[in-house]
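Observations on the three-dimensional arrangement
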Amino acid sequence: MATALITGAAARLGRAIVEELHRDHRVIIHYRNSRTAAEALAERLNAIRPDSAATLHSALTSATDCERLAQAATTQFGEISVLVNNASAFFPTPIGSAGEPEWDTLMGSNLKAPFFLSQALAPGLAAQGGCIVNMVDIHADKPMPQHTVYSAAKAGLAMLTKSLARELAPEVRVNGVAPGAILWPEQESEGYNKEQILARIPLQRSGDPSDIARTVRFLVADAPYITGQVIAVDGGRSLNI
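Residues numbered from 1 in each chain as written. Predicted model: local features only at pLDDT ≥ 70, side-chain atom pairs only at ≥ 80, totals over all residues. Heavy atoms only, no water.

**Overview of the overall build of the chain**
Rules: Helix numbers and strand numbers start at the N terminus; a helix is a DSSP run of H or I with at least 4 residues, a strand a run of E with at least 2. When we talk radius of gyration, it's over C-alpha atoms, and the globule rule is simply 2.2 Å times the number of residues to the 0.38. Residue contacts are defined here by distance: any two heavy atoms, one from each residue, within 4.5 Å place the two residues in contact. Method for areas: the Shrake-Rupley scheme with a 1.4 Å probe, in which residue coverage is limited to the protein chains shown.
A tally of helices and strands in the chain yields seven helices and seven strands. Sequence-ordered secondary structure for the chain, helices as α and strands as β, is β-α-β-α-β-α-β-α-β-α-β-α-α-β. For 241 residues, the compact-globule formula gives about 18 Å, and the C-alpha radius of gyration of the chain, at 17 Å, lands near that figure. Taken along its principal axes, the extent of the C-alpha atoms in the chain is 45 × 40 × 35 Å. Taking the intrachain contacts of the chain between residues at least 6 apart in sequence as the baseline, contacts between residues at least 24 apart amount to 72%. When the accessible surface of the chain is split by element, carbon and sulfur atoms take 50% of a total near 11500 Å².

Laid out in C-alpha cells, this is it:
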C-alpha cells in the first residue's frame, strides 16, 4: 500500500485530505503545534485499519527540518509515494506594518518548506512513480487586500508547482489545488468579509473541505496524464474576484 505524507494535517483542510487519502493509502500526519489533534486522528484511523496512520512533528522552518521530516517519513513505512504540501501560515501584512518576522513566517511556510521538502523527497518519489500536490490559493493570481506577503508566497508556490512538474518529469507528477471560500479564517480580517465574498461566487455558496480533499485524491489517483496544473476549487469565484 502506498504512503502519503500530508503537512499541516491535524485539522481543517489537512485533516479532510488525510481522511480521503486514508481510504487506500497509509498516511503520515505532520503537525507543528497540534499534537493532540494529530494523535487523535491517527488513533481513529488506525482503529479503522491497523498500522495505517502515523504522526510526525516538525517546525518546517529550515531546510534541515525538511530533510529530517523527509527521512523520518520515509523510514516510518518504508517509502513515500505522495507528498501533499498543505501546511500554511495566513495573516494580514498591511503595508507599513510588515517586518522580516512576518515575511519569514509566510514565505517559509508557504514557499520555502514546500520546496525543500519536495527536494528532499524527490528521489524517493521518483522511485515510486509518485506525485506532489501543493495547496496553492486563488489569491496567487489575484491578490487579497492587505495580504501582500501571503499572496506573493502563494504565487511563488504556483510557479514552484509548474517548475517542479517540468524538472521532475517523467517520474514525478506535480500539481496544485487552489481553494476558494472553503473554510473561513479563524479570525476575520480585511479582505475576508463573508457576505462580500459569497456575493462574488457564481455558485452562491461556500465549499466544503471534502471538495478540496476529493480534488487532491483525483490528482493523486486518477490523473496519470496531468502535471503542472493548478486547479481552482472555488465555486467560480476566480471568475469574479
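**A short note on the side chain of S52**
Mapping S52 onto the fold places it in the loop between α2 (35–48) and β3 (53–57). Residues in contact with S52, not counting those within four places in the same chain, are H22, H25, R26, V27, L45, N46 and F77.

**Description of the pattern of salt bridges**
Filter applied, for reference: The term salt bridge refers to a side-chain nitrogen of Lys or Arg lying within 4 Å of a carboxyl oxygen of Asp or Glu. Using a 1.4 Å probe on the protein chains alone, a residue whose accessible area is under 20% of its type maximum counts as buried, one over 50% counts as exposed, and one in between counts as partly exposed.
Within this structure, the stated rule accounts for eight salt bridges. Put simply, E19 and R44 hold a salt bridge, and the shortest N to O gap is 2.3 Å. Here E19 is found in helix α1 (residues 12–21), whereas its partner R44 is found in helix α2, with 25 residues between them in sequence. Residue R44 is classed as partly exposed on the basis of its relative accessible area of 40%.

**Observations concerning the packing of α1 against helix α7 (residues 209–221)**
The cut-off we apply is this: To obtain each axis, a line is fitted to C-alpha atoms, and for helices this fit is confined to the stretch in contact; angles are then taken between N-to-C directions over 0 to 180 degrees. Orientation labels follow simple angle bins: below 35 degrees gives roughly parallel, above 145 gives roughly antiparallel, 65 to 115 gives roughly perpendicular, and whatever is left gives oblique. With the far helix as reference, a near helix turned anticlockwise by less than a right angle produces a left-handed crossing, and one turned clockwise produces a right-handed crossing. Ten residue types, Ala, Val, Leu, Ile, Met, Phe, Trp, Tyr, Cys and Pro, are classed as nonpolar, four, Asp, Glu, Lys and Arg, as charged, and the remainder, Gly among them, as polar.
Close contact between α1 and α7 brings their axes to 8 Å; oriented N to C, the two are set at 50 degrees. The angle between the axes of α1 and α7 places the two elements in the oblique class. Both α1 and α7 take part in a crossing whose hand is right-handed. Residues L13, A16, I17, E20 and L21 of α1 form the contact with α7, whose participating residues are P209, I212, A213, R214, V216, R217 and V220. Class assignment of the residues belonging to the contact of α1 with α7 gives a composition of nine nonpolar, no polar and three charged.

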